[in-house]
Amino acid sequence: MKINTEVLIIGAGPVGCVMAERFSNDLKLKCTIIESRNHIAGNCYDEYNKKGVLYHKYGPHYLRFKNKKTLNYLSKFTKWIEGNYIVKSVVNKKLYSFPINLDTLEEFFNVKLKSKQHAINFLKKKIVKIKKPKNSEELILSKLGKEIYENFYKNYTTKQWGISPKKLDKSVAGRVPIRFNRNPFYVNEKLKLMPKKGFTNLFKNMINNSKISLILNTDYFKIKNKISVKYFTIYTGTPDRFYDFKYGKLDWRSLKFVFNTYKKNYIQDYVQYNYPNDYKFTRKVEIKHVTKQKSKYTVISKEFPQKVGEPYYPIMDKKNKITFKKYEKLMNTSSKKNIYFEGRLAKYKYFNTDEVIENALHLYKKLKYKFKKLK
Ligand code: UDP
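So, here is what we can say about the structure in this document. Treat the numbers as computed from the prediction; the structure is a model and nothing was measured. (Residues numbered from 1 in each chain as written. Predicted model: local features only at pLDDT ≥ 70, side-chain atom pairs only at ≥ 80, totals over all residues. Heavy atoms only, no water.)

**Digging into the packing of aromatic side chains**
And step 1. Across all of its chains, the model carries 37 aromatic pairs by this definition.
And step 2. Between Tyr 73 and Phe 77, the aromatic rings sit 5.4 Å apart at their centres with planes inclined by 75 degrees, giving edge-to-face as the arrangement. Summarising the burial analysis for this pair, Tyr 73 and Phe 77 share the class buried.
And step 3. Clustering of aromatic rings is evident, with ring pairs tying together Tyr 220, Phe 221, Tyr 235, Phe 242, Tyr 243, Tyr 247, Tyr 327 and Phe 341. (Phe/Tyr/Trp six-rings, centres within 6.5 Å; stacked < 30°, edge-to-face > 60°. Buried < 20%, exposed > 50% of the residue type's maximum accessible area, 1.4 Å probe, protein only.)

Here is the structure:
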């Protein structure tokens, strides 16, 4: 089997689907997507289980947008429902608002905090003075102090990443906002939306074009010699694999999901409960709170962090940052051969879904310009 294509895309996740859609619809180019799994949508993939409940197979994806541009683009492929994600952290068997906000501080310390300033003054006595926090532990100690760090962050982070928060870049724990108001939502962005019929449906609509060939269940590296590409290759997998592990392996944190279906409208009061200090799993998610599906059944997933398994999270410690930098240099030179790298895996960066879509649109703009010059 010989494959001739104008654009080759490795990976049918969000980046792969966006690139295929743009090249095929906008430039009318023939695109081929090679995907190793048996489905599209990457880790955004959702499906209906045997009882007809829509669930997120690879963990909850809480879509939010920093700007209207990405939202407008995606709106061509889906309708939306509101996404008011509320997460609670279970500490000493009590539910607390998470991200930390005034309610959390009041309940945890059993105080009344009348204003932002009042809370800041209160925390001044608790925080550890660190001028320039260098890692996730120092960041939280410097912003919230020892008690909050130890009860809400330390053990969750250690369980999630398998290493001490001291060794993790401060951007990891820094992803979660810290608030001096009573906003209960998990993310700060005002634009919080869920695709009405789910993520898989959105990406299916995106690549519904006769100029796109989708090849599932196929390892690109096993067939790469049989593919001839006229213009561009977009690679969305892990860089170490692409370069035959020339500089060694990049580490990833993986997850194992355990799903249970219940004949009940709801089990939890909120979509997500975090368990920093108990159990081997980090969180329990009941995605029905977000999909708003009407069903007699509901699904609860538990997430168990793993050292081995499919790559989910880049581990942002010193060793991996150094290894990635070496691969990054190679990746930058590949653009001369019209090979481009994009997405969470390829860029070894902890991007959110909206960010990878935005990056893919940006890359497309660049390649469109290059294509016009090639012609
Ligand atoms: N985190 C924590 N306690 C929590 C939730 C998050 O310490 O209850 C830290 C932890 O290090 C985690 C990071 O914040 O890896 C980012 O959390 P987020 O919920 O954004 O992770 P994701 O949903 O991407 O797995």
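Back to the write-up after that little detour.
**Some words on the sheet that holds strand E17 (residues 339–341)**
And step 1. Read from one edge of the open sheet, five strands run E10-E2-E1-E11-E17, paired in parallel fashion. Single-partner strands in this sheet number two, and they are strand E10 (212–215) and E17. Each adjacent strand pair in this sheet contributes to an overall mean axis angle of 25 degrees, direction not counted.
And step 2. This element, helix H13 (residues 353–374), spans strand E11 (227–235) and E17 of the sheet and lies at about 150 degrees to E11. (Pairing = 2+ DSSP bridges. Helix = DSSP H or I, 4+ residues; strand = E, 2+ residues; numbered from the N terminus. Axes fitted to C-alpha atoms, helices over the stretch in contact; angles between N-to-C directions. Contact = heavy atoms within 4.5 Å.)

**Description of empty space enclosed by the protein**
And step 1. Counting across every chain of the model gives two cavities of 30 Å³ or more.
And step 2. If you add up the space inside the largest cavity, you get close to 50 Å³.
And step 3. If you go around the largest cavity, the residues you meet are Tyr 55, His 56, Gly 59, Pro 60, Phe 259, Val 285, Ile 287, Val 299 and Ser 301.
And step 4. Contributing elements (two or more residues each) for the lining of the largest cavity: strand E4 (54–56) and strand E15 (298–306).
And step 5. Taken together, the residues of the lining of the largest cavity break down into six nonpolar, three polar and no charged.
And step 6. Approximately 40 Å³ is the volume found for the second largest cavity.
And step 7. Listed by contribution, the elements that provide at least two residues to the lining of the second largest cavity are E4 and strand E9 (191–195). (1 Å grid on protein atoms, 1.4 Å probe; cavity = no way out; pocket = protein on both sides within 12 Å on 5 of 7 lines; lining within 4 Å. Points joined across faces, edges and corners; volume = space filled by probe spheres on them. Nonpolar A, V, L, I, M, F, W, Y, C, P; charged D, E, K, R; others polar.)

**Points about the site of the ligand**
And step 1. With respect to spatial proximity, 16 residues lie near the ligand, and among them Thr 157, Trp 161, Tyr 186, Tyr 313 and Tyr 350 are the closest.
And step 2. At 2.8 Å, a side-chain N or O of Thr 157 approaches an oxygen atom of the ligand.
And step 3. Between Arg 175 and the ligand, the recorded distance is 3.0 Å, taken from a side-chain N or O atom to an oxygen atom.
And step 4. Expressed as a share of its isolated accessible area of 530 Å², the protein-covered part of the ligand is 94%. (Near = heavy atom within 4 Å. Polar contact = N/O pair within 3.5 Å; in protein donor to acceptor, adjacent residues only side chain to side chain. Areas by Shrake-Rupley, 256 points an atom, 1.4 Å probe, with all protein chains shown as cover.)

**Describing the environment of Pro 195**
And step 1. Within the element layout of this structure, Pro 195 appears in strand E9.
And step 2. Judged by relative accessible area, which is 3%, Pro 195 ranks as buried.
And step 3. Along the backbone, Pro 195 and Tyr 220 are 25 residues apart, and their C-alpha atoms lie at a distance of 30 Å.
And step 4. Once you skip the residues sitting within four places of it in the chain, Pro 195 turns out to touch Leu 63, Thr 78, Lys 79, Trp 80 and Leu 202.

**Some thoughts on the pairing of strand E2 (residues 31–34)**
And step 1. Of the two faces of E2, the one lined by Cys 31 and Ile 33 and the one lined by Thr 32 and Ile 34 are each fully buried.
And step 2. Sheet analysis places strand E1 (residues 3–10) next to E2, joined by four bridges and oriented parallel. Each bridged residue has a counterpart across the sheet, and for Ile 9 the counterpart in E2 is Ile 33.
And step 3. Considered for its hand, the β-α-β crossover made up of E1, helix H1 (residues 14–26) and E2 is right-handed.
And step 4. Sheet topology note: the E2/E10 ladder contains four bridges and is parallel. Following the sheet pairing, Ile 34 is matched in E10 by Ile 215. (Right-handed = clockwise from strand over helix to strand, strands pointing away.)

**Side note on unusual backbone geometry**
And step 1. Residue Pro 99 is reached from Phe 98 by a cis peptide bond, and omega for that bond is 0 degrees.
And step 2. Within the secondary structure, Pro 99 is located in the loop between strand E8 (94–98) and helix H3 (102–109).
And step 3. Its identity as a non-glycine residue notwithstanding, Lys 28 has a phi of 55 degrees, on the positive side.
And step 4. Along the polypeptide, Lys 28 turns up in the loop between H1 and E2.
And step 5. The exposure class assigned to Lys 28 is exposed, which follows from its relative accessible area of 52%.
And step 6. In this structure, Asn 338 is a non-glycine residue whose phi angle is positive, near 65 degrees.
And step 7. In this fold, Asn 338 is placed in the loop between helix H11 (318–334) and E17.

**Some remarks on the pattern of salt bridges**
And step 1. Using the criterion set out here, one finds 16 salt bridges in the structure.
And step 2. The residue Lys 66 makes a salt bridge to Asp 354 at a minimum N-O spacing of 3.4 Å. A residue pair is termed long-range when its members are at least 10 positions apart, and Lys 66 in the loop between strand E5 (64–65) and helix H2 (68–74) and Asp 354 in helix H13 qualify at 288 residues.
And step 3. According to the relative accessible area criterion, Lys 66 is partly exposed, its value standing at 47%.
And step 4. Put simply, Lys 126 and Glu 147 hold a salt bridge, and the shortest N to O gap is 3.2 Å. With a gap of 21 residues between them, Lys 126 in the loop between helix H4 (116–124) and helix H5 (136–161) and Glu 147 in helix H5 connect regions that are remote in the sequence.
And step 5. What makes Glu 147 partly exposed here is its relative accessible area of 32%.
And step 6. It is possible to trace a salt-bridge network through shared partners that takes in Asp 103, Glu 106, Lys 112 and Arg 182. (Salt bridge = Lys/Arg side-chain N within 4 Å of Asp/Glu carboxyl O.)

On their own, these measurements won't tell you what the molecule is for.
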